[in-house]
Amino acid sequence: MAIRKITEYPEAVLAEAGKPITEFDEELENLCADMFETMYEAEGVGLAAQQIGLPLQLFVMDCEGIKLVAANPEIVSRTGEQSNPEGCLSLGKVPAVVVRAEKATLRAQDAKGEWFEREAGGYAARCFQHETDHCNGKLFIDHLPKMRREMVVKRFKKEKNWK
Ligand SMILES: [Zn+2]
């Protein structure tokens, strides 16, 4: 296993829609192991392939007891609404309030290629939606009005310069 470098905004791969996963082999398992390790090291709860520079339909998450690999993810049902602060490892975890569905059902394939559906609410549902967005080249700031989006980017750049 290896810790990968996390891709940061505005690298182009973050805006790329992922290619579907078609091979469920050892290479994919190793990639997922790296993604988990990279996510834990960064103290995140989810990580998409785009965030380590690979435009793929793939993410891993470990959030509120839901630990899974999602290949070719899709949100098949959304109900209710929540407004909560959200951050992203690719934007230095600078938080901003994002409106999301309160409950979401994720449909995806696991690392072996088995299809599954998983429903979650609250924080884990936000994670489903945030990571599935990544797989489609979309960032959480894309859900924000222009002014707030610019504020997040500004703060992220500022904090980066401090390091
Ligand atoms: Zn993110």
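Before reading on, note that the structure itself is shown above.
Owing to the predicted nature of the structure, the values given are computational and were not obtained by experimental measurement.

Undergrad: It is not clear to me how the packing of aromatic side chains should be interpreted in this structure. Could you clarify?
TA: For any pair of aromatic rings, the description rests on two quantities: the centre-to-centre distance and the angle between the ring planes. One pass over the full model with this rule turns up 1 aromatic pair. When the centroid spacing of 6.0 Å and the interplanar angle of 20 degrees are considered together, the rings of F36 and Y40 count as stacked. In this pair, F36 and Y40 both sit in helix α1 (residues 26-41), 4 residues apart, roughly one turn of the helix. Over the ring of F36 we find K67; its NZ or CZ atom is 4.9 Å from the centre of that ring.

Undergrad: Just to check I follow, could you spell out helix α2 (residues 122-135) for this structure?
TA: The α-helix winds at 3.6 residues per turn, so residues separated by three or four positions along the chain end up facing the same way. Its 14 residues give α2 an end-to-end C-alpha distance of 20 Å, which sits within 8% of 20 Å, the value for a rise of 1.5 Å per residue. Across the 14 residues of α2, 13 count as buried, placing the element largely inside the fold. The first or second residue beyond α2 is G137, which carries a positive phi of 80 degrees.

Undergrad: What is the right way to look at the coordination of the zinc ion in this model?
TA: Think of it this way: four donors in a tetrahedron around the metal ideally sit 109.5 degrees apart, and six in an octahedron ideally sit 90 or 180 degrees apart. Taken together, the protein donors to the zinc ion comprise C88 (SG), H130 (NE2) and H134 (NE2), at separations of 2.0 to 2.3 Å. Ordering the donors of the zinc ion by residue number gives the pattern C-x41-H-x3-H. Pair noted here: H130 and H134 are both in helix α2, with a separation of 4 residues, about one helical turn.

Undergrad: I tried to follow the pattern of salt bridges on my own but got confused; where do I start?
TA: Pairing between side chains of opposite charge can happen when their charged atoms approach one another. This structure, assessed with the given rule, holds 8 salt bridges. We note a salt bridge from K112 to E29, for which the minimum N-O separation is 2.9 Å. Of this pair, K112 sits in the loop between β6 (103-109) and β7 (115-121) while E29 sits in helix α1; the two residues are 83 residues apart in sequence, bridging distant segments of the chain. Residue class for E29 comes out partly exposed when judged on its relative accessible area of 34%. Across the salt bridge formed by K146 and E150, the nearest N and O atoms sit 3.3 Å from each other. One end of the pair is K146 and the other is E150, both in helix α3 (residues 146-162) and 4 residues apart, which spans about a single turn. A residue is classified by how much of its surface remains accessible, and E150, at 42% relative accessible area, is partly exposed. Within this structure, E86, R100, R126 and D133 form a network of salt bridges that share partners.

Scoring rules and cut-offs
Residues numbered from 1 in each chain as written. Predicted model: local features only at pLDDT ≥ 70, side-chain atom pairs only at ≥ 80, totals over all residues. Heavy atoms only, no water. Phe/Tyr/Trp six-rings, centres within 6.5 Å; stacked < 30°, edge-to-face > 60°. Helix = DSSP H or I, 4+ residues; strand = E, 2+ residues; numbered from the N terminus. Lys NZ or Arg CZ within 6 Å of the ring centre and 35° of its normal. Expected span 1.5 Å × (residues − 1). Buried < 20%, exposed > 50% of the residue type's maximum accessible area, 1.4 Å probe, protein only. Donors = N, O, S within 2.8 Å, 3.2 Å for Na, K, Ca; no water. Salt bridge = Lys/Arg side-chain N within 4 Å of Asp/Glu carboxyl O.

Without other data, these values stay purely geometric and don't point to any function.
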